[in-house]
Amino acid sequence: ELVIGIDKRPMQLESQARMMQAIIQIFAVFLFLAAFLGWWLRRELSQPLEKLTGHALTLGQGKLEVPIPVIGRGELGSLSIVFEEIRTPMNGVQGMLVLLTEGDLSEGDHTLARTALESAEALHVVLNDILDISKLESGQFTIEQIPFNLRDLVQQISRFADSECLKNSNYFHMDILADCPVGLIGDPTRLRQILLNLVGNALKFTKDGTISLSVRCLDQNSEKANLRISVIDSGIGVPPEKHEHIFHRFTQTDTSTTRKYGGTGLGLAISFQLVSLMGGTMGLNSEEGQGAEFYFEI
């Protein structure tokens with residue numbers, strides 16, 4: 001009797017070695033991009049601001065004869081171009097990491113790849129936020145006017161919220177009144193971005209609670225509809241003294257909030273400006289520890 005077998009261990013070891021090499025290479029690319037971004041931010045933003053602060057302190061000491069030079073070369077338009085250039089390779093890194101996590105990895109390698117993917121996704125969010133706020137403030141942003149289905153758009157947000165609610169044991173509720181017109185003309189991409197920002201914030205700051213998305217039609221005629229859209233949560237809330245600044249750039253309620261929950265502090269500022277470009281207004285009803293209602297009318 002002749003028994004022939006194949007020892008798979010060398011092939012498995014070779015496959016794992018190749019996979020580990022790919023993970024290390026992707027990590028190296030990601031770390032290089034992060035280091036480049038940090039270097040660029042320090043050169044173009046931190047250092048000029050430090051110099052400007054130093055000159056301001058000099059003036060504050062009464063040395064009015066000391067001239068203040070022009071510091072920094074960039075404008076918001078140039079800033080958006082730079083971040084666009086950084087975002088393009090980030091798309092490639094993120095795509096490769098997604099494919100890697102879907103491959104046949106060991107548990108340890110999968111954990112490493114997943115960590116790299118989550119870090120890449122977080123950096124991608126930061127880049128997108130900075131790019132958007134740069135375009136908004138440099139006047140490069142345009143609002144589309146195309147047909148879209150309001151109910152379909154809201155249901156997309158609802159499906160996203162339902163899946164995310166499981167992470168913090170939250171319950172999501174959607175309420176769109178029957179008298180709201182379904183077929184509208186506007187910018188569904190930016191409307192979706194606003195809703196994702198507001199719902200994402202509610203999900204981030206709420207645990208073991210409820211989040212609701214409400215759409216009301218305040219009035220309408222044959223040409224226009226005036227909508228009020230609210231995102232209400234039972235989370236940590238916002239102190240009244242912070243309401244005035246909450247829609248400013250890089251603003252969260254305090255530094256401990258940033259450390260605990262993360263985020264760039266740009267989402268609300270972007271949403272506020274997008275609503276303004278649509279001819280609408282955004283507001284907030286909240287007290288600390290009593291949840292929050294972020295709403296806008298367009």
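Scroll up for the structure.
Described below are features of the structure shown in this document. (Residues numbered from 1 in each chain as written. Predicted model: local features only at pLDDT ≥ 70, side-chain atom pairs only at ≥ 80, totals over all residues. Heavy atoms only, no water.)

Helix and strand counts for the chain come out as 7 helices and 7 strands. For the chain, the sequential pattern of α-helices and β-strands runs α-α-α-β-α-β-β-α-β-β-α-α-β-β. The buried share of the chain, taken over its 298 residues, is 37%. Contacts spanning at least 24 positions in sequence make up 71% of the contacts within the chain whose residues lie at least 6 apart. Summed over its atoms, the accessible surface of the chain is roughly 17,600 Å², and 56% of this surface lies on carbon and sulfur atoms. (Helix = DSSP H or I, 4+ residues; strand = E, 2+ residues; numbered from the N terminus. Buried < 20%, exposed > 50% of the residue type's maximum accessible area, 1.4 Å probe, protein only. Contact = heavy atoms within 4.5 Å. Areas by Shrake-Rupley, 256 points an atom, 1.4 Å probe, with all protein chains shown as cover.)

Okay, unusual backbone geometry next. In most cases, non-glycine residues show a negative phi, while peptide bonds are predominantly trans. One non-glycine residue, Ser169, lies in positive phi territory at about 55°. Of note in the backbone geometry, Asp208 takes a positive phi value of approximately 55° without being a glycine. Position of Asp208 relative to the elements: it lies in the loop between helix H5 (188-204) and strand E4 (210-220).

A word on the nonpolar core. In this structure, Leu150, Leu191, Leu195, Leu198, Leu213, Phe294 and Phe296 are the most contacted members of the largest nonpolar core, which totals 43 residues. In this structure, Met19, Leu33, Leu105 and Ala120 belong to the second largest nonpolar core, which totals 17 residues. (Core = buried A, V, L, I, M, F, W, Y, C linked by side-chain atoms within 4.5 Å.)

Here we take up the pattern of salt bridges. Charged atoms that come close allow side chains of opposite charge to pair. One pass over the full model with this rule turns up 4 salt bridges. For Lys167, the salt bridge identified is with Glu164, shortest N-O distance 3.0 Å. Overall, the relative accessible area of 63% leaves Lys167 in the exposed class. The class of Glu164 is partly exposed, set by a relative accessible area of 25%. A salt bridge links Glu297 to Arg228; its shortest N-O distance comes to 3.3 Å. On the criterion of sequence distance, the pair formed by Glu297 in strand E7 (residues 292-297) and Arg228 in strand E5 (residues 225-233) is long-range, its members being 69 residues apart. Here the residues in one salt-bridge network are Arg228, Glu293 and Glu297, joined through shared partners. (Salt bridge = Lys/Arg side-chain N within 4 Å of Asp/Glu carboxyl O.)

Moving on, we come to a nonpolar patch on the surface. Residues Phe32, Phe36 and Trp39 make up a contiguous nonpolar surface patch of about 340 Å² in total accessible area. Locating Phe36 in the fold gives a position in helix H1 (residues 9-60). The exposure class of Phe36 is partly exposed, given its relative accessible area of 31%. (Patch = residues over 30% accessible without salt bridge, like charges linked within 9 Å, V, L, I, M, F, W, Y side chains within 5 Å.)

Note that Ser286 resides in strand E6 (residues 281-286). On a C-alpha basis, the gap between Ser286 and Lys242 in space is 9.9 Å, while along the polypeptide they are 44 residues apart. Discounting residues that sit within four places of it in the chain, Ser286 has contacts with Gly237, Val238, His243, Gly291 and Ala292. In this structure the side chain of Ser286 is engaged in a polar contact, spanning 2.8 Å, whose partner is the backbone nitrogen of Val238. (Polar contact = N/O pair within 3.5 Å; in protein donor to acceptor, adjacent residues only side chain to side chain.)

Counting across every chain of the model gives 2 aromatic pairs. An angle of 90° between the planes, with centres 6.1 Å apart, marks the rings of Phe247 and Phe294 as edge-to-face. Here the residue Phe247 occupies a position in the loop between E5 and helix H6 (255-261), and Phe294 occupies one in strand E7, the gap between them amounting to 47 residues. Residues Phe247 and Phe294 agree in their burial class; the two are buried. Each member of the aromatic cluster is reached from another via a ring pair, and the members are Phe247, Phe272 and Phe294. The ring of Tyr295 carries the charged tip of Arg228 above its face, separated from the ring centre by 4.0 Å. (Phe/Tyr/Trp six-rings, centres within 6.5 Å; stacked < 30°, edge-to-face > 60°. Lys NZ or Arg CZ within 6 Å of the ring centre and 35° of its normal.)

Before going further, it helps to spend a moment on the side chain of Asp233. Looking at the secondary structure, you find Asp233 in strand E5. No salt bridge is formed by the buried Asp233, whose closest oppositely charged neighbour, Lys204, lies at an N-O distance of 11 Å. Polar side-chain contacts of Asp233 include one of 2.8 Å to the backbone nitrogen of Gly235. In contact with Asp233, other than residues within four places in its own chain, are Ala202, Thr206, Thr210, Ile211, Gly291 and Ala292. (Lys, Arg positive; Asp, Glu negative; His and termini not counted.)

Remember, this is a structural readout, not a statement about activity or role.
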